[in-house]
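Commentary on secondary and tertiary structure
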Amino acid sequence: MRFFPTSALTRASPLARNNRISASQLSTTNVTLKLRSRISGADGFFSPENVYAGPSTRRCLLCVGHFNKVPQQCFNGLFMPSAPGAIHFEDNNNIGVLEIPAVTVRYSSSLSGNSNQKIISLAESGELSQAEAILDSLEASASSENNKDLLPDIDSYTALMNSYLKRQINILTENQWSDGENEASVDRKTSSILTLAGKVHDLLIQMEDLSGVSDHYPPMSASGIIRSGPRHAGLRPTSHHYDTAIMAFANASKGITSTRTINAPYIAQRWLQRMETLAFDPHSGVTPTVDSYYHVMEAFAASGSSHKLCQASFLTQSIFDKLKHNTNLHPTAREYRLLMRTWCSSSSKDAAYKATGIWMAMKNSFESGVEEMEPTLDDGKMILEAWANAVNKQSARRSQNVLSAMQKLFTSKKSDVKPDLDCYRYVLIAMSQSKIPDVGDNIPSLFKSMDDDQIFPDTKSFDAALKTLKNCSIHPKATDPMHYSKMTESMLEQMEKMVDRSSVSIIKPSAVSYTHVIQALGVMNTKKAAVKADALLTKMEVEYAKGDELMKPTRDSYVGTIHAYANSDSPFSYRNANEVLQRMIIQYLGGNELSRPDVCS
């Protein structure tokens, strides 16, 4: 792009015509250079606040638009003294001539201060590219002239870093960021968030280099090269700058994670380690805060889909442990909950155990007088759900202990948190997966506790209880299998009675419910028990024929009934069992894939 003066050079002031303009002659007084673009024909003004002076050249950002408004168009280039009364602007080999105003002007060091204000203003208004260009120009001028006073001030760096972080947050909170978003859009947003984190990272490295921090500590740049040039102690990063970098990479770990974001938590961790190192120097003014540790934990916790889930939880735990060992800081409920949540979503076999330990630590701290550590209802549910999903022979006992602790906190008036239906359901599910032969003994007390608290069990709660009692009845080490079989029958009767009584929860026996009872009846070894099992199977067949998909008989339904007849003392048990088998075959041929006969049947 070429620029030419709106008036002839001969109309410039005599002083301008007769003298070459040197750096020492530039000032900010009464400077307005009018210019016109040959391409667009638009008038523009050149303000001295855009000039960055050197001994023989002035690097600048040329802004088309009025100098006291947001520039419309910007070009990086060099202003060099040329013929008397003129200055040449060079930008990518395009040369334009600017008219020197009637008032002779002289360079002033206040130009840099004006530029810093411009950087801050542009950064805060979201014009990041223009702010970056001015900052880069200031750095280049300071380097070429080896003059630290020409460097941007620390507020300029701070404003840019804060704006990068703000833009990251805006991207993360956009409504369009969803699971249904197309891959290209997700990739574009992920790239933007990573780029912004990289810019914060680079600015912080620049600050360390320019302030001399990198001269005394290992450089943080990937190349390990420390930039040369003037040093300015006033640009030494503060804790805020390091925390901003950590938050930027924590943000990069959020949203839609991918292999591109896998290193983000580790970069956040490196900046935390830098803060810990600098904290040993009492003159650095840098010390990690609880927030510093929290955001690194957050980065690792959010990386669960790009790391192995168990690895993410162990890494989060390691940062938490460092925080606990810091003699000047103490983790808050926020850090405890984040770690607990991370363990609860982990695939580690010890995940529920680790999470319970954190919950118990919060409970003990609360009981000792730390109010903010009071475990919430959601905390308790999270732990109980973890035990319900755990593959651990102690799941039933551990979950009951947690539920009991929650009940004691409530009944002792120390907490207003009262276990709800979800809590009991998770405990019952954990018990239903237990292989302990007498775990069903606690079922009646759990249901009584729910009844006392006016909590109405739902279908899943009843089904879990039925499964637990059935497992106890058929367990090879069961001391009294018939007792558990009768308890299973009684539980089904209780479930059927509550179908129409509860308006709070939905209760409806299904094929799952009846099949558990059928299997439990098989241990009774009597014709009466076999007939009961057959009656339940028949009810399932009738309801399914009417269109109730939830009552669709399964292979286990038929096999359980066949075994009940086979184990009975009836002289016609074989014939009865064969009749059930024929019904099973007819059911399968009629389209019920779940009733497919096999060797067991």
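Coordinates for the structure precede this section.
We now turn to the structure provided with this report. (Residues numbered from 1 in each chain as written. Predicted model: local features only at pLDDT ≥ 70, side-chain atom pairs only at ≥ 80, totals over all residues. Heavy atoms only, no water.)

1. Concerning the overall build of the protein
When you go through the protein residue by residue, the secondary structure sums to 21 helices and eight strands. Every one of the 601 residues in the protein was classed for burial, and the buried ones make up 50%. Excluding contacts between residues fewer than 6 apart, the proportion of contacts in the protein whose partners are at least 24 apart in sequence is 65%. (Helix = DSSP H or I, 4+ residues; strand = E, 2+ residues; numbered from the N terminus. Buried < 20%, exposed > 50% of the residue type's maximum accessible area, 1.4 Å probe, protein only. Contact = heavy atoms within 4.5 Å.)

2. Things to note about the pattern of salt bridges
A full pass over the atoms with the stated rule returns 24 salt bridges. One salt bridge connects R227 with E139, and the closest N-O pair in it is separated by 3.7 Å. Note that R227 is positioned in the loop between α5 (183–211) and α6 (239–252) and E139 in helix α3 (residues 128–145), a separation of 88 residues in sequence. By relative accessible area, R227 is classed as partly exposed at 28%. Relative accessible area serves as the criterion here: at 7%, E139 is assigned to the buried category. Of the charged contacts in the structure, one is a salt bridge between R583 and E541, with a shortest N-O distance of 3.1 Å. (Salt bridge = Lys/Arg side-chain N within 4 Å of Asp/Glu carboxyl O.)

3. Overview of α6
The terminal C-alpha atoms of α6 lie 20 Å apart, and with 14 residues this matches the ideal 20 Å at 1.5 Å per residue to within 8%. With twelve of 14 residues buried, α6 lies mostly within the body of the structure. For α6, the full list of buried residues reads S239, H241, Y242, D243, T244, A245, I246, A248, F249, A250, N251 and A252. (Expected span 1.5 Å × (residues − 1).)

4. Focus: the nonpolar core
With 132 residues, the main nonpolar core has W271 and L428 as its most contacted residues. Here the element with the most residues in this core is α5; it accounts for ten residues. Contacts of W271, omitting those with residues within four sequence positions, involve H201, L204, I205, E208, M220, Y242, A245, I246 and F249. (Core = buried A, V, L, I, M, F, W, Y, C linked by side-chain atoms within 4.5 Å.)

5. Some details on unusual backbone geometry
For N146, which is not glycine, the phi dihedral falls at a positive 50 degrees. Checked against the element boundaries, N146 lands in the loop between α3 and α4 (154–172). Of note, the phi angle at Q454 is positive, near 55 degrees, even though the residue is not glycine. Along the chain, Q454 falls in the loop between α15 (443–452) and α16 (459–474). On the basis of relative accessibility, which here comes to 67%, the residue Q454 falls in the exposed class.

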